[in-house]
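Residues per chain, in single letters:
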Amino acid sequence: MQPESNTIPGMAVDTSFFLREKTGQAIESLKRGVWIYLLLLIFEGALRKWFLPRLAAPLLVVRDPLAIWMLFVAWKHGIFKLNWYIRAMITVSAISLFTTLIVGHRNIVVAAFGARILILHWPLMFLIGRVLERKDLIQMGKVWLLVSIPMLLLIMLQFYSPQSALINRGVGGDVAGAGFSGALGYYRPPGTFSFTTGNAQFFSVTGMFVAYFWLEKTNINRFVLMGASVALLAAIPFSISRTLTFQVILTGGFALLAIYRKPKYWARTAIVGAGLFFTLVFLNKFEFFQNATAALTVRYDSATEGEGGLEGVLGNRFLGGLLNALFSSNQPFFGYGMGMGTNAGAKLMMGNVDFFLIAEEDWARLVGEMGSLLGISVIVIRLRFCYKILTEGYKWLRENDMLPWILLSFAIYTVATGQWAQPTALGFSTLIGGWVIASLKGKETEEDQQAQ
């Protein structure tokens with residue numbers, strides 16, 4: 001007789017089959033949830049600007065209900081456990097939420113908006129990594145590259161259109177435009193996103209997948225891959241984004257290390273590199289591309305000079321004054337309260353503001369909101385996680401699996417230091433962090449993926 005806990009009363013039927021079936025159905029539902037999260041991340045800004053401008057405010061957190069549902073389904077079916085990173089982050093967040101309501105700004109709505117970053121989206125990152133398989137990552141990468149081609153056409157149109165044009169409408173249908181200051185009279189285009197940083201992050205992910213699909217023999221449409229490669233090259237000047245430029249260079253550096261460990265890829269890399277170089281030379285013969293390149297060059301020179309040269313750029317922009325946040329003593333011990341450093345929190349507390357109440361850089365925001373002890377605790381948790389996935393990714397690279405390593409070229413920076421106060425940046429960190437965790441499962445499904 002089977003154990004009672006595994007049988008239907010009065011029947012010798014193993015219920016473990018039904019439990020496994022329900023769990024499998026839940027995982028498939030969660031996978032669809034990840035796809036919805038991805039699509040909302042890319043097109044949320046389009047909804048807020050063009051299609052549903054009157055709902056711009058609630059659509060700012062449109063992915064939050066999805067995150068709650070996914071975490072509830074995972075908890076209900078016991079699909080993933082709370083690991084050390086999740087427990088530690090929730091504990092620190094709970095303490096900070098309590099101190100916010102007792103000695104901080106005491107605004108419960110603002111506090112909840114700030115707390116959701118660490119209580120919802122941080123665990124969701126691990127859930128995404130739990131339910132996705134390699135074939136899911138490959139499929140998402142293919143779709144991403146396909147979307148990058150029309151995305152380039154969109155930002156080119158935004159680049160050459162006045163800010164008053166419909167294509168450049170801002171959040172809520174703002175006729176002042178969604179573009180951000182660029183150079184030579186051109187604005188940085190946001191694409192489908194609410195702000196230009198979303199566009200830079202989108203093409204940063206594009207660069208990651210372009211590198212991977214050129215290096216690995218994967219069943220992908222070569223015309224789509226070539227189109228996405230051209231889109232990436234063209235997006236760099238049209239975005240007028242130094243962040244995208246440096247991120248593509250960083251991804252290239254990660255790819256070169258992977259190539260160095262696998263000499264058989266040298267010939268393929270040389271061919272691809274030559275093709276991209278001649279494509280760039282060809283594009284530069286056209287005035288529309290020359291204008292974008294000139295704008296990026298002027299933007300880089302003026303901004304770099306204003307920040308004190310290359311040393312200032314690396315020290316202040318990419319380290320973001322993060323070390324200064326660790327030694328700041330200008331805030332209360334428990335900080336000013338969660339959510340106060342976000343744009344939405346500032347608007348709720350102060351009305352429309354054109355500056356950050358605490359800091360633009362995320363580490364400084366965390367310390368300002370939560371205080372030195374709790375803020376630094378969150379930073380340490382993020383850094384410990386990044387160190388873990390970096391070392392694991394390198395181990396897989398040594399086993400000739402470069403997918404985790406290539407994904408890390410973007411994930412390691414955005415998960416460690418990304419500006420999570422901005423919902424789009426938070427969404428990218430959550431998604432890419434989950435992708436890295438999923439990729440670290442190894443290549444057990446690679447043959448299945450190749451057969452599809």
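Numbering of residues begins from 1 in every chain and follows the order in which that chain's sequence is written. Two thresholds apply to this predicted model, a pLDDT of at least 70 for residue-level local features and 80 or more for giving and counting side-chain atom pairs, whereas whole-chain, interface and lining totals are computed over all residues. In computing side-chain values, all of the structure's heavy atoms are included and hydrogens and water are not.

(A) Structural context of the overall build of the protein. The way it works is that DSSP assigns letters per residue, a run of H or I at least four long becomes a helix, a run of E at least two long becomes a strand, and they are numbered from the N terminus. If you tally the helices and strands in the protein, you get 18 helices and two strands. We call two residues in contact whenever any of their non-hydrogen atoms come within 4.5 Å of each other. Contacts in the protein between residues at least 24 apart in sequence constitute 76% of all its contacts with a sequence separation of at least 6. Element-wise, carbon and sulfur atoms account for 66% of the exposed surface of the protein, whose accessible area totals about 20,900 Å². With residues, only the protein chains shown are counted as cover, and all accessible areas are computed by Shrake-Rupley using a 1.4 Å probe.

(B) Representation of the packing of aromatic side chains within the structure. Think of it this way: a Phe, Tyr or Trp ring, Trp meaning its six-membered ring, pairs with another when their centres are within 6.5 Å, and the plane angle makes it stacked under 30 degrees, edge-to-face over 60, tilted otherwise. Applying the stated rule across the entire model yields 31 aromatic pairs. Geometrically, the ring pair formed by Phe159 and Tyr186 is stacked, given 4.4 Å between the ring centres and 10° between the ring planes. Pair noted here: Phe159 is in helix α6 (residues 134-160) and Tyr186 is in strand β2 (residues 186-188), with a separation of 27 residues, a long-range link. Here Phe159 falls in the buried class, since its relative accessible area comes to 3%. Working definition: with a 1.4 Å probe on protein chains only, accessible area under 20% of the residue-type maximum means buried, over 50% means exposed, and in between means partly exposed. Judged by its relative accessible area of 22%, Tyr186 falls in the partly exposed class. Aromatic side chains Phe209 and Trp435 sit 5.4 Å apart centroid to centroid with 65° between the ring planes, which places their arrangement in the edge-to-face category. Here the residue Phe209 occupies a position in helix α7 (residues 196-215), and Trp435 occupies one in helix α17 (residues 423-439), the gap between them amounting to 226 residues. Look at Trp435 and you get buried, because its relative accessible area is 1%. Ring pairs connect the aromatic residues Trp144, Phe193, Phe202, Phe203, Phe209, Tyr212, Phe213, Phe428 and Trp435, which therefore count as one cluster. Geometrically, a charge over a ring is one whose NZ (Lys) or CZ (Arg) sits within 6 Å of the ring centre while staying within 35 degrees of the ring normal. A cation sits over an aromatic face here: Arg384 above Trp84, 4.0 Å from the ring centre.

(C) Molecular detail of the nonpolar core. The biggest cluster of nonpolar side chains holds 116 residues, and the ones touching the most others in it are Trp122, Trp144, Phe203 and Trp435. Setting aside anything within four residues of it in sequence, one finds Phe203 in contact with Ser148, Met151, Leu152, Ile155, Ala231, Leu232, Ala235 and Leu244. We call a set of buried Ala, Val, Leu, Ile, Met, Phe, Trp, Tyr and Cys residues a nonpolar core when their side-chain atoms join them within 4.5 Å.

(D) Structural view of the pattern of salt bridges. Any Lys or Arg side-chain nitrogen located within 4 Å of an Asp or Glu carboxyl oxygen qualifies as a salt bridge. Here the structure, examined in full by the defined rule, presents 13 salt bridges. With a shortest N-O distance of 3.2 Å, Lys31 and Asp136 are connected by a salt bridge. With Lys31 in helix α1 (residues 16-51) and Asp136 in helix α6, this residue pair connects regions lying 105 residues apart in the sequence. For Asp136, a relative accessible area of 12% translates into the label buried. The salt bridge involving Glu392 is made with Lys388; its shortest N-O contact spans 3.5 Å.

(E) Representation of the side chain of Glu44 in the model. With respect to the secondary-structure elements, Glu44 resides in helix α1. Setting aside anything within four residues of it in sequence, one finds Glu44 in contact with Leu39, Leu59, Leu60, Val62, Arg63, Ser194 and Thr424.

(F) Layout of the packing of helix α3 (residues 63-76) against helix α5 (residues 108-131). All axes are obtained by fitting lines to C-alpha atoms, using only the stretch in contact for helices, and the reported angles, taken between N-to-C directions, cover 0 to 180 degrees. Closest axis-to-axis distance for the α3/α5 pair is 10 Å, and the angle between their directions is 55°. Judged by the inter-axis angle, α3 sits oblique to α5. In this structure, α3 crosses over α5, and the sense of that crossing is left-handed. Along its contact with α3, which presents Asp64, Ala67, Ile68, Met70, Leu71 and Ala74, the element α5 presents Arg116, Ile119, Leu120, His121, Pro123, Leu124 and Leu127. Three residue categories are used. Nonpolar comprises Ala, Val, Leu, Ile, Met, Phe, Trp, Tyr, Cys and Pro, charged comprises Asp, Glu, Lys and Arg, and polar comprises the others, including Gly. For the contact of α3 with α5, the residue count by class is 10 nonpolar, one polar and two charged. Oblique is the label for any angle not under 35 degrees, not over 145, and not in the 65 to 115 range, which are roughly parallel, roughly antiparallel and roughly perpendicular in turn. For any pair of crossing helices, the crossing counts as left-handed if the nearer helix is rotated counterclockwise from the farther one by less than a right angle, and right-handed if it is rotated clockwise.

(G) Broad picture of the layout of surface pockets. Using a grid of 1 Å spacing that covers the protein atoms alone, one calls a set of points a cavity when a 1.4 Å probe fits there but cannot get out, and a pocket when the set is open and has protein on both sides within 12 Å along at least five of seven lines; lining residues are those with an atom within 4 Å of a point. Grid points are joined across faces, edges and corners, and a volume is the space filled by probe spheres set on the points. The space that makes up the second largest pocket amounts to roughly 750 Å³. Contributing to the lining of the second largest pocket are 28 residues, with Leu232, Leu233, Val248, Gly252 and Leu276 lying nearest its centre. Split by residue class, the lining of the second largest pocket holds 18 nonpolar, nine polar and one charged.

(H) Fine view of the packing of α6 against α17. It is at 9 Å that the axes of α6 and α17 come closest, and there the two elements cross at 140°. Taken as axis vectors, α6 and α17 run oblique relative to one another. Our pair here, α6 against α17, has a crossing hand that is left-handed. Along its contact with α6, which presents Arg134, Leu137, Met140 and Trp144, the element α17 presents Phe428, Leu431, Trp435, Ala438 and Ser439.

(I) Inspection of the confidence of the model for the protein at higher detail. pLDDT is a residue-level measure of predictor confidence that goes from 0 to 100. A residue-level look at the protein finds 87% of positions with pLDDT of 70 or above and a mean pLDDT of 87. Under a pLDDT of 50 for its full length, residues 1-15 has, in the predicted model, 13 contacts with residues more than four places off or in other chains. Overall, residues 445-452 carries pLDDT values under 50, and its contacts beyond four positions in sequence, including any with other chains, amount to 15 contacts.

(J) Focus on unusual backbone geometry. At Arg106, a position not held by glycine, the phi torsion is positive, near 70°. Note on placement: Arg106 falls in the loop between α4 (84-102) and α5. Unlike most non-glycine residues, Leu184 shows phi in positive territory, near 55°. As for its position among the elements, Leu184 is in the loop between β1 (180-183) and β2.

(K) Geometry of a nonpolar patch on the surface. Exposure above 30% relative accessible area and no salt bridge define the residues that can form patches, which grow by joining like charges within 9 Å and nonpolar side chains of Val, Leu, Ile, Met, Phe, Trp and Tyr within 5 Å. On the surface, Phe98, Leu101, Ile102, Val103, Ile108, Val109, Phe333, Phe334, Leu348 and Leu373 cluster together into a nonpolar patch covering about 980 Å² of accessible area. Elements that contribute at least two residues to the nonpolar patch include exactly α4 and α5. Considering each element in turn, the nonpolar patch owes the most residues, three residues, to α4. Residue placement: Phe333 occurs in the loop between α13 (322-326) and α14 (343-350).

(L) Fine view of the environment of Thr196. Here Thr196 shows up in helix α7. It is 8.5 Å that separates the C-alpha atoms of Thr196 and Ser241, two residues lying 45 residues apart in sequence. Excluding residues that lie within four positions of it along the chain, Thr196 makes contacts with Phe180, Arg188, Pro189 and Pro190.

(M) Highlighting the pairing of β1. Only when DSSP finds a minimum of two bridges between them are two strands counted as paired. Judged from the three bridges that link them, β1 and β2 form a sheet pairing that is antiparallel. When the sheet's bridge partners are listed, Phe180 is paired in β2 with Arg188. What sits between the antiparallel neighbours β1 and β2 is a turn of two residues, in which Leu184 has the positive phi angle 55°.

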